[in-house]
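Next come the chains, spelled out residue by residue.
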Amino acid sequence: NVLYGYRCAVKYINEEMGGVEIGGQKYKLDLNLFDDASDPARATTLIQRQVDEGIGFFLGSFGSNIVLPTCAITEAAGRIMVQAGGGSDLIFTQGRQRVFGIFPRASQQFVSSVNMFTALEPKVETVSIIYTNDPFSEFQAQGARANLEEAGITVLDYIALPAQVSDVSNVLTTIRQNVPDILVCTTHDENSILIARQMVATNTNVKMLYQTLGPQTAAYKDALGNYANGVVTQAYWSERAPFQCEYFGSAGEFAAYYAANFDRALTYHMASGAACIVSYIQAAKNAGTLELDAVRDALADLDYQCFYGHIRFGPEGDGDPSLLGPLLIQRQNGEMEVVAPPDGASAQPVYPVPTWAERA
């Protein structure tokens, strides 16, 4: 999905805008891609090859387990990476100066969620957390736990899963024995589908299921059908948002352009991928040059409102959590509705949700 966002931005800038002018010179964009096969070892080999060939500007792969080792290579070589695929705190807390993330770091991604939880009626008193043992999910779970406890919500269970898991029935037994108001899963797409399917199969009901990754995708809806209704997730962009800029125009116009040119179902990942390209281009325009240090400094100073939202990076390179934190999305009657924050909501959250049997 992020890849399609990269392609969409390059196509629009080259074909609709005729390229970009930087320092008085007109440029077309050239996107060079290689397949890391979701293998960190292969990714580092290929990134090093690109560095050796003189590439200066990098876009990230997807997943902190790949972004972490590859950004270490680009950083050491004095190159730049702007990415929307890695949110682990480790990317941003090891002194790097040339790695930028469109999203806030994982531990700062849960504030808006807790704000919604504390506004729900009946009052949310208990939450359980399931997370996978990978660099992103664990940090996100730690941030969620800290934010929940600060808000006075009790965390009943805090359960780690292996990064690769094929069965969660024992974990769900624990959940049924000590039922929380909300079950939070900081898990990636496939694991989120697995957990939801096994919750249905074992009739494990909670007042709300919240999964940070997975429910945004068409694959989740296809796998769960009507059971996907009521599940809450994070999204970092919505085509209904009132964002505008010279690239694409509005958020809605980005969605329309994407739909007219690509067949893959649109999710926020496409917008975040396109935002990486826009960030690079706007920073280079501000710098008036493609010289690496000047572009790096311009990215660090970027304060730009575009179709994606208000792009600004924190001092360590991750997205400003006050501007680029997640919206909360709930699937209602088959449609993805924004349910928080209130000033951007398209619907009220459904809570408590119907049981699995009632959704069948």
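Values in this document were obtained by computation on a predicted structure and should not be read as measured data.

> I'd love a proper account of the overall build of the protein chain, names of residues and values included.
A count of helical and extended segments in the protein chain gives 14 helices and 16 strands. Relative to the 2.2 N^0.38 estimate, which gives 21 Å for 360 residues, the radius of gyration of the protein chain is 20 Å and therefore close to what a compact globule would have. C-alpha atoms of the protein chain, sized along the principal axes, occupy 65 × 40 × 35 Å. Residues classed as buried in the protein chain amount to 54% of the 360 residues present. Expressed as a percentage of contacts within the protein chain between residues at least 6 apart in sequence, the contacts between residues at least 24 apart total 64%. With an accessible surface of roughly 15000 Å², the protein chain has 46% of that area assigned to carbon and sulfur atoms.

> Please give an account of the sheet that holds strand S3 (residues 57–59) that cites residues and values.
Overall, parallel pairing links the 3 strands, which are arranged S3-S4-S5 in an open sheet. Because the sheet does not close on itself, it has two edges, and the strands there are S3 and strand S5 (99–101). Strand-to-strand twist of the sheet, defined as the mean angle between neighbouring strand axes without regard to direction, takes the value 20°. Pairing analysis gives 3 bridges linking strand S4 (residues 80–83) to S5, with the strands arranged parallel. Counted as the bridge partner of glutamine 83 is glycine 101 from S5. In the packing of helix H11 (residues 268–287) onto the sheet, the strands contacted are S3 and S4, and the crossing angle to S4 comes to about 140°.

> Outline the layout of surface pockets, listing residues and values.
Space inside the second largest pocket adds up to approximately 800 Å³. The wall of the second largest pocket is formed by 35 residues, among which Pro326, Leu327, Ala340, Pro341 and Asp343 lie closest to the centre. Breaking the lining of the second largest pocket down by element, the ones donating at least two residues are helix H5 (111–119), strand S14 (309–312), helix H13 (321–324) and strand S16 (335–340). At 5 residues, the largest contribution of residues to the lining of the second largest pocket is made by H5. Class assignment for the residues of the lining of the second largest pocket results in 22 nonpolar, 11 polar and 2 charged.

> Explain the pattern of salt bridges residue by residue, including any values.
According to the stated counting rule, one finds 10 salt bridges in the structure shown. Arginine 98 is the partner of aspartate 293 in a salt bridge, and the nearest nitrogen-oxygen pair spans 2.3 Å. Remark: arginine 98 occurs in the loop between helix H4 (89–92) and S5 and aspartate 293 occurs in helix H12 (residues 292–300); sequence separation between them is 195 residues. You can call arginine 98 buried: its relative accessible area is 14%. Across the pair aspartate 297 and arginine 296 runs a salt bridge whose closest N-O atoms are separated by 3.0 Å.

> Run through the nonpolar core, naming residues and quoting values.
With 56 residues, the main nonpolar core has Trp237, Phe248, Leu299, Phe307 and Tyr308 as its most contacted residues. Counting residues per element, the ones that place at least two in this core are helix H1 (2–16), strand S1 (20–22), S4, helix H10 (251–261), H11, H12, strand S13 (303–306) and strand S15 (327–332). Among the elements that make up this core, the one with the highest residue count is H11 (12 residues). Leaving out residues up to four positions away in the same chain, phenylalanine 248 has contacts with Cys8, Ala9, Tyr12, Glu253, Phe254, Tyr257, Ala274 and Phe307.

> Hey, could you go over the packing of aromatic side chains for me, with residue numbers and the actual values?
Counted under the stated rule, the structure contains 21 aromatic pairs. A centroid spacing of 5.5 Å and a plane angle of 80° characterise the contact between phenylalanine 57 and tyrosine 280, whose relative ring orientation is edge-to-face. Of the two residues, phenylalanine 57 sits in strand S3 while tyrosine 280 sits in helix H11, which places them 223 residues apart along the sequence. Assessed through its relative accessible area of 31%, phenylalanine 57 is described here as partly exposed. It is arginine 7 that lies over the ring of tyrosine 4; its NZ or CZ is 5.6 Å from the centre. For arginine 359, the ring lying beneath its charged end belongs to tryptophan 356, and the centroid distance is 4.0 Å.

> Explain the pairing of S16 residue by residue, including any values.
Walk down a regular strand and you will see the side chains alternate between the two sheet faces. Examined bridge by bridge, S15 and S16 share 5 bridges and lie antiparallel to one another. Following the sheet pairing, glutamine 332 is matched in S16 by glutamate 335. Counted between consecutive antiparallel strands, the loop separating S15 from S16 contains 2 residues, among which asparagine 333 sits at a positive phi close to 55°.

> An account of empty space enclosed by the protein is needed here, citing residue identities and associated values.
Applying the stated criterion across every chain, the model contains 1 cavity of 30 Å³ or more. The volume enclosed by the largest cavity comes to roughly 150 Å³. Of all the secondary structure elements, the ones that give two or more residues to the lining of the largest cavity are helix H6 (135–150) and H11. When grouped by side-chain class, the residues that make up the lining of the largest cavity number 7 nonpolar, 11 polar and no charged.

Scoring rules and cut-offs
- Residues numbered from 1 in each chain as written.
- Predicted model: local features only at pLDDT ≥ 70, side-chain atom pairs only at ≥ 80, totals over all residues.
- Heavy atoms only, no water.
- Helix = DSSP H or I, 4+ residues; strand = E, 2+ residues; numbered from the N terminus.
- Rg over C-alpha atoms; globule rule 2.2 N^0.38 Å.
- Buried < 20%, exposed > 50% of the residue type's maximum accessible area, 1.4 Å probe, protein only.
- Contact = heavy atoms within 4.5 Å.
- Areas by Shrake-Rupley, 256 points an atom, 1.4 Å probe, with all protein chains shown as cover.
- Pairing = 2+ DSSP bridges.
- Axes fitted to C-alpha atoms, helices over the stretch in contact; angles between N-to-C directions.
- 1 Å grid on protein atoms, 1.4 Å probe; cavity = no way out; pocket = protein on both sides within 12 Å on 5 of 7 lines; lining within 4 Å.
- Points joined across faces, edges and corners; volume = space filled by probe spheres on them.
- Nonpolar A, V, L, I, M, F, W, Y, C, P; charged D, E, K, R; others polar.
- Salt bridge = Lys/Arg side-chain N within 4 Å of Asp/Glu carboxyl O.
- Core = buried A, V, L, I, M, F, W, Y, C linked by side-chain atoms within 4.5 Å.
- Phe/Tyr/Trp six-rings, centres within 6.5 Å; stacked < 30°, edge-to-face > 60°.
- Lys NZ or Arg CZ within 6 Å of the ring centre and 35° of its normal.

Nothing here speaks to function; it is geometry throughout.
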